[in-house]
There are 4 protein chains.
Amino acid sequence: MSRTPDTWILTAHSPSLLGTVDVVTRYLFEQGCYVTEHHSFDDRLVNRFFIRVEFRAPEGFDESQFRMGLIERVTPFGMHTELTPPGYRAKVVIMVSKSDHCLNDLLYRQRIGQLPMEIAAVVSNHPDLEPLARWHGIPYHHFPLDPRDKPAQERQVLQVIEDSGAELVVLARYMQVLSPELCRTLDGRAINIHHSLLPGFKGAKPYHQAYQKGVKLVGATAHFINNDLDEGPIIAQGVEPVDHTHYPEDLIAKGRDIECLTLAKAVGYFLERRVFLHANRTVVL
Amino acid sequence: MSRTPDTWILTAHSPSLLGTVDVVTRYLFEQGCYVTEHHSFDDRLVNRFFIRVEFRAPEGFDESQFRMGLIERVTPFGMHTELTPPGYRAKVVIMVSKSDHCLNDLLYRQRIGQLPMEIAAVVSNHPDLEPLARWHGIPYHHFPLDPRDKPAQERQVLQVIEDSGAELVVLARYMQVLSPELCRTLDGRAINIHHSLLPGFKGAKPYHQAYQKGVKLVGATAHFINNDLDEGPIIAQGVEPVDHTHYPEDLIAKGRDIECLTLAKAVGYFLERRVFLHANRTVVL
Amino acid sequence: MSRTPDTWILTAHSPSLLGTVDVVTRYLFEQGCYVTEHHSFDDRLVNRFFIRVEFRAPEGFDESQFRMGLIERVTPFGMHTELTPPGYRAKVVIMVSKSDHCLNDLLYRQRIGQLPMEIAAVVSNHPDLEPLARWHGIPYHHFPLDPRDKPAQERQVLQVIEDSGAELVVLARYMQVLSPELCRTLDGRAINIHHSLLPGFKGAKPYHQAYQKGVKLVGATAHFINNDLDEGPIIAQGVEPVDHTHYPEDLIAKGRDIECLTLAKAVGYFLERRVFLHANRTVVL
Amino acid sequence: MSRTPDTWILTAHSPSLLGTVDVVTRYLFEQGCYVTEHHSFDDRLVNRFFIRVEFRAPEGFDESQFRMGLIERVTPFGMHTELTPPGYRAKVVIMVSKSDHCLNDLLYRQRIGQLPMEIAAVVSNHPDLEPLARWHGIPYHHFPLDPRDKPAQERQVLQVIEDSGAELVVLARYMQVLSPELCRTLDGRAINIHHSLLPGFKGAKPYHQAYQKGVKLVGATAHFINNDLDEGPIIAQGVEPVDHTHYPEDLIAKGRDIECLTLAKAVGYFLERRVFLHANRTVVL
């Protein structure tokens, strides 16, 4: 799981065809690449092939030449590939409101190097979490929401995302619904944490809903955002037992840990190139 | 948790009032009863008090006298009490269709004495599971469903329940919706196992729904039945992680173990007098 | 579980005797105290009784008078009692070395009020974590270890503990073995987190031991310290699945979350007066 | 995870060498085999390569020709391969003493087809479980232990194993230590369930040991047997939380479910060709 400092990651997906594994592994072999972990899966219900390979490149490895050769080979298969160099740290923008537990957790994990990312900015509709971001040396952008002109605020948010070159946006308890336009723009690269085991308890105040229902388990769901509120493809879910002694505020407290762990897990999967999105479901290799 | 062979169980519930704990514990003390475990909970949102006590009775303990004295004491509190003698084994009727995993599991647990129950009968709308029941020496009643006269079959079922003196009915993957009348009759004493984490995936084929949704956890819910399909008060829930390699049939296979364990846990709670039902939620002491 | 702001906690333990529950609950009733949660347990193998009660006091409640009356009543039972007022926050000293994950986690939980404590000081044999403590406004004491005079450093540590009035010392990955003298001094009020599922993998580098052994689960154990290295009474344990892809550094990374959660749980139990220590085991009510 | 009825499994392992993945995947491609799942792992600490592939063969696929060609290709890599045809059900011998929970569980799973095995025989040093085996139509061999001649009994056991053609022996709570000779003979093909989280609580009465230690988690370990008691390579482990109310008999009861699930999981891994054994650790692909 941990990689040596010279490990590359290659991922690809394509329609299910004879030879999809071979075209990748043969090319790697011919280029002198040493495969350390290989996982592929062919989804027989949607006829789609997914592959993820970790490999060590030989001395004198030429990245752009490798890419060109690869594309030439895999194009007949309709295959999309992604190559991630050793030591790559993706740029990430985190969106928050007032709750700080997920932000605190992600900042900590970046700080100790557990997640291979560079948090480029924290964006919020509230000023509250600025000191936390600042202490970690991360720029903080406070864009208040004007209820009469939400698009204006979203344009500001999007500007930061684009300027930062972020490839991932993390909604770490950002308590606003994004517009369909922004959802489309961020399709496949924005992860939200919802504080329930979706599809149960969509929408507002899920812990209060869970209390009313009298569930014996509470959980959290990290998912890609899409147009349909709380309906985006699920990446990770976490859960913990509860009982009758848990009032709504106890569920909220318990939920904090689950949310942090579940979101961090999903972000880690994304950054390690484990997540493939297809037909509203994810494959996590 | 395990009890000595001379241990009684006393449970009670009442409106929240000063003195509810004291009236119970004082009486037990005065009667020379030795409390080995005591758990009480006062739900401040619904103002209801719940208590469960395990105790050893003194020599010469007179059950009926104890009961009378108790009722006299607790009546001013509007308290309902239930007293369960040492070694008591509740009569249970199990309802099944064709799936045998939950039945197999419950029969096994009865056989080794892990659940303090006597399975009085197995009732089914199919003949398939008769050999399994017979091998364990349990009467099996096959009441086929006539779609034009479902009430007729339900009357047969209810007859068995009443004749057997069952205080608990377990729907161990009984794949028919009970009529509102039967639900009412069995109110608070019929436990169903639903193969999803309610309130997610109500109704038919929950594992197929879960597959479509792409969840990363599947679970099961044991709940009291009521009029509202899959909406009865929850007693226990179980869960296991799954991933993209789980096709619907894999979720079904994985779910079998969760269903068995979750149903057995709920039945055990009921038999040990741990479950209190109030306002569509359960307190499990 | 969450308490109203006017909730008291009363705990007690004594030899097993008829009337132990009654003496407590009757006194509470007579004083007009309203019991919201009550849990008692009688350990039949060691003949010891444990009780924990949460209650709301009546108007005009006089704490010292209540205490005096209580002691008078329970003394014949050889009962030790502890009364914790509403809103009480225990003073805690945290000891660390270089790893910051548990410290970071505890500071965060204090900051948001999830753990009812006041961290009075952080003590370390290294200077590394001072900025973290300072940012949270907590005094940091760096007492380097002189290998030729360990007792000198321990005296400094103990001085801080005593000066601060700490009732709990948390060894949040403090990588030094305490002397038998200090262990005795802190008996029953110092919690350590060990990064394995004790009694497996005692001593140094437990994750490396776990890797060598090829375990499929790793965990952490929060326990009271005592003279016997990693043998103190266990308060809480946590666990997560691992597999062959986890090299030792992966186990270490995975372990961080488990250690944080397990230590926080144990500290929470202690602060909420749930932990009773007897015969090298704990009762957690 | 579930396989179509025409799915083959190919597994292999070898020293770590450039081209190990390629030699397998290229051959599969050349033979017209369609890979549906592929998992390989290169252990960089022991320099060993492991691979598991599921594939569908083309029409007219000739198994023996495929095998011959494969061996020719992989021999230069020092690679050991194993090919498992669609629908293959391995023969298994189960050894038991008096406890029936694991046997009951395995018989059930065979019966519903959840584990692709054919239980060829049940062998025991006690007569107790014969009715259970018989009801499932499985031959039962009772070989009592003569303490003065244990080798004699082991010869009988081994005879059954060999006559049955079993490739796997499952010690489903067989409470006798096997001789070093039998351990050697069954090396890599006998799975034992030990009722603790190894390496904690080796040897006799682990639940009593766990009670004494006051652990807050109990578990079970399924492992290959070897000469060193309870020290064989671990395949799977399971765990559940417990607390102070669990007396030793409660741990035993709780442990039954964990043992069943953990053993079934390990047996399933073995039968699905997921388990590789190397240097006293397992790789489970």
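All of these numbers come straight from a predicted model, not from anything done at the bench.

Caption draft 1: Region of the structure containing helix 5 (residues 150-164) of chain C. Residue and element names in this part refer to chain C. A rise of 1.5 Å per residue sets the reference length of helix 5, with its 15 residues, at 21 Å; its end C-alpha atoms lie 22 Å apart and thus fit the reference within 8%. Of all the positions in helix 5, only Gln-153, Glu-154, Val-157, Leu-158, Val-160, Ile-161 and Ser-164 are classed as buried. The arc that holds every buried residue of helix 5, seen down its axis, measures 155°, which confines them to one face. In helix 5, the exposed positions that point more than 90 degrees away from the buried face belong to Arg-155 and Asp-163. Looking at the buried residues of helix 5, the elements they touch are strand 5 (90-96), strand 6 (117-124), strand 7 (140-142), strand 8 (168-171) and helix 6 (180-185).

Caption draft 2: Structural detail: the sheet that holds strand 8 (residues 168-171) of chain A. Residue and element names in this part refer to chain A. In spatial order, the strands read 7-6-5-8-9-10-11; together these seven strands make up an open sheet with mixed pairing. Here the strands that pair on one side only, and so sit at the sheet edges, are strand 7 (140-142) and strand 11 (234-241). When strand polarity is set aside, the average angle formed by the axes of neighbouring strands in this sheet is 20°. Bridge count between strand 6 (residues 117-124) and strand 7: three bridges; the pairing is parallel. Looking across to strand 7, one finds that Val-123 is bridged to His-141.

Caption draft 3: Structural view of the relation of the copies chain D and chain C. At an RMSD of 0.0 Å, chain D and chain C line up after a rotation of 180° and a shift of 0.0 Å along the axis. The transformation just described matches what one would write down for a two-fold rotation axis. In terms of C-alpha distance to the rotation axis, chain D has Gly200(D) as its closest residue, with the C-alpha 2.3 Å off the axis. When the interface residues of chain D are mapped onto chain C, 100% of them again lie at the interface, so the same face is used by both copies.

Caption draft 4: Fine view of the pattern of salt bridges. Residue and element names in this part refer to chain A. Tallying each qualifying case throughout the model produces 76 salt bridges over all chains. Across the pair Asp-105 and Arg-109 runs a salt bridge whose closest N-O atoms are separated by 2.8 Å. Here the residue Asp-105 and the residue Arg-109 both occupy positions in helix 3 (residues 101-111), the gap between them amounting to four residues, near one helical turn. Assigned by exposure class, Asp-105 and Arg-109 land together as buried. One salt bridge in this structure joins Arg-134 and Glu-130, with 2.9 Å as the shortest N-O distance. One end of the pair, Arg-134, and the other, Glu-130, are both in helix 4 (residues 130-135), four residues apart, so they sit about a helical turn from each other. With relative accessibility at 46%, the residue Arg-134 sits in the partly exposed group. The network of salt bridges with common partners includes Arg-3, Arg-52, Glu-54, Glu-272 and Arg-274.

Caption draft 5: Up close: the UniProt feature "active site" (unreviewed entry) in chain A. With numbering aligned to this structure, UniProt lists the feature "active site" (unreviewed entry) at Asp230(A). Position of Asp230(A) relative to the elements: it lies in the loop between strand 10 (217-224) and strand 11. Those residues in contact with Asp230(A), other than ones at most four positions away along the chain, are Asn192(A), His194(A), Leu198(A), Lys202(A), Gly203(A), His223(A) and Lys213(B).

Caption draft 6: Inspection of the domain arrangement of chain A at higher detail. Residue and element names in this part refer to chain A. Each assigned domain of chain A is listed here: domain 1 (7-84) and domain 2 (90-284). Computed from C-alpha coordinates alone, the two centres of domain 1 and domain 2 are separated by 31 Å. Taking both sides of the interface into account, the surface hidden between domain 1 and domain 2 amounts to around 910 Å²; carbon and sulfur atoms contribute 64%. Summed over the shared surface of domain 1 and domain 2, the number is two salt bridges. Here Glu-54 makes a salt bridge to Arg-274, at a shortest N to O gap of 3.8 Å.

Caption draft 7: Expanded view of the sheet that holds strand 5 of chain C. All names here are of chain C. In spatial order, the strands read 7-6-5-8-9-10-11; together these seven strands make up an open sheet with mixed pairing. Of all strands in the sheet, those with a lone pairing partner are strand 7 and strand 11 (234-241), marking the two edges. Shown here is a sheet whose adjacent strand axes are inclined to one another by a mean of 20°, direction ignored. Both strand 9 (residues 190-194) and strand 10 (residues 217-224) contribute to a ladder of four bridges, which runs antiparallel. Note that in strand 10 the partner of Ile-191 across the bridge is Phe-224.

Caption draft 8: Spatial organisation of the UniProt feature "domain: Formyl transferase N-terminal" (unreviewed entry) in chain A. Those residues carrying the UniProt feature "domain: Formyl transferase N-terminal" (unreviewed entry) are residues 91-265 of chain A in this numbering. Here residues 91-265 of chain A is 37% helix and 24% strand, with 17 Å between the C-alpha atoms at its ends.

Caption draft 9: How the structure looks around the interface of chain B and chain A. Listed per partner, the contact involves 37 residues of chain B and 37 residues of chain A. Counting the surface lost from both chain B and chain A, the interface buries some 3100 Å², and carbon and sulfur atoms represent 58% of this. When residues of chain B are sorted by the area they lose upon contact with chain A, Lys213(B), His244(B) and Arg281(B) head the list and together hold 24% of the total. Our enumeration of links across chain B and chain A arrives at four salt bridges. Residue Glu231(B) is joined to Lys213(A) by a salt bridge in which the shortest nitrogen-to-oxygen separation is 2.6 Å. In this assembly, chain B and chain A are joined by 18 residue pairs in polar contact (both at pLDDT 80 or more). Sorting the residues of the side of chain B that touches chain A by element identifies strand 2 (34-43), helix 7 (206-213), strand 11 (234-241), helix 8 (248-271) and strand 13 (281-284) of chain B as the ones contributing at least two each. Examining the composition of the side of chain B that touches chain A, we find that six residues originate from one element, strand 11 of chain B, more than from any other. Within the side of chain B that touches chain A, the residues separate by chemical class into 18 nonpolar, ten polar and nine charged.

Caption draft 10: Region of the structure containing the interface of chain D and chain C. Contacts between chain D and chain C engage 37 residues on the former and 37 residues on the latter. Together, the buried faces of chain D and chain C total about 3100 Å²; carbon and sulfur atoms form 58% of this surface. Here chain D is connected to chain C by four salt bridges. In this assembly, chain D and chain C are joined by 18 residue pairs in polar contact (both at pLDDT 80 or more). Secondary-structure elements contributing two or more residues to the side of chain D that touches chain C are strand 2 (34-43), helix 7 (206-213), strand 11 (234-241), helix 8 (248-271) and strand 13 (281-284) of chain D. Among the elements that make up the side of chain D that touches chain C, the one with the highest residue count is strand 11 of chain D (six residues).

Caption draft 11: The arrangement of the pairing of strand 12 (residues 275-278) of chain D in detail. All names here are of chain D. Pairing between strand 12 and strand 13: four bridges, direction antiparallel. For Val-275, the partnering residue across the bridge sits in strand 13 and is Val-284. Remark: two residues form the turn of the hairpin made by strand 12 and strand 13, two consecutive strands paired antiparallel; Ala-279 in that turn has positive phi of roughly 55°.

Caption draft 12: Highlighting helix 2 (residues 63-74) of chain C. Residues and elements named next belong to chain C. With twelve residues, helix 2 extends 16 Å from end C-alpha to end C-alpha; this agrees with the ideal 16 Å at 1.5 Å per step. For helix 2, the secondary structure elements touched by its buried residues are strand 1 (7-15), helix 1 (20-30), strand 3 (48-56) and strand 4 (80-84). Between the side-chain oxygen at the start of helix 2 and the backbone nitrogen of Ser-64 there is a gap of 3.1 Å, and the oxygen is on Asp-62.

Caption draft 13: A look at the relation of the copies chain B and chain A. With an RMSD of 0.0 Å, chain B superimposes on chain A once it is rotated by 180° and translated 0.0 Å along the axis. When the interface residues of chain B are mapped onto chain A, 100% of them again fall at the interface, so both copies present the same face.

The rules behind these values
- Residues numbered from 1 in each chain as written.
- Chains lettered and ligands numbered in written order.
- Predicted model: local features only at pLDDT ≥ 70, side-chain atom pairs only at ≥ 80, totals over all residues.
- Heavy atoms only, no water.
- Helix = DSSP H or I, 4+ residues; strand = E, 2+ residues; numbered from the N terminus.
- Expected span 1.5 Å × (residues − 1).
- Buried < 20%, exposed > 50% of the residue type's maximum accessible area, 1.4 Å probe, protein only.
- Arc of directions from axis to C-beta.
- Contact = heavy atoms within 4.5 Å.
- Pairing = 2+ DSSP bridges.
- Axes fitted to C-alpha atoms, helices over the stretch in contact; angles between N-to-C directions.
- Least-squares fit on C-alpha atoms with pLDDT ≥ 70 in both.
- Salt bridge = Lys/Arg side-chain N within 4 Å of Asp/Glu carboxyl O.
- UniProt positions renumbered as here; feature names shortened; annotations may be inferred.
- Domains from an automatic or database assignment.
- Buried area = accessible area lost by both parts, 1.4 Å probe.
- Polar contact = N/O pair within 3.5 Å; in protein donor to acceptor, adjacent residues only side chain to side chain.
- Nonpolar A, V, L, I, M, F, W, Y, C, P; charged D, E, K, R; others polar.

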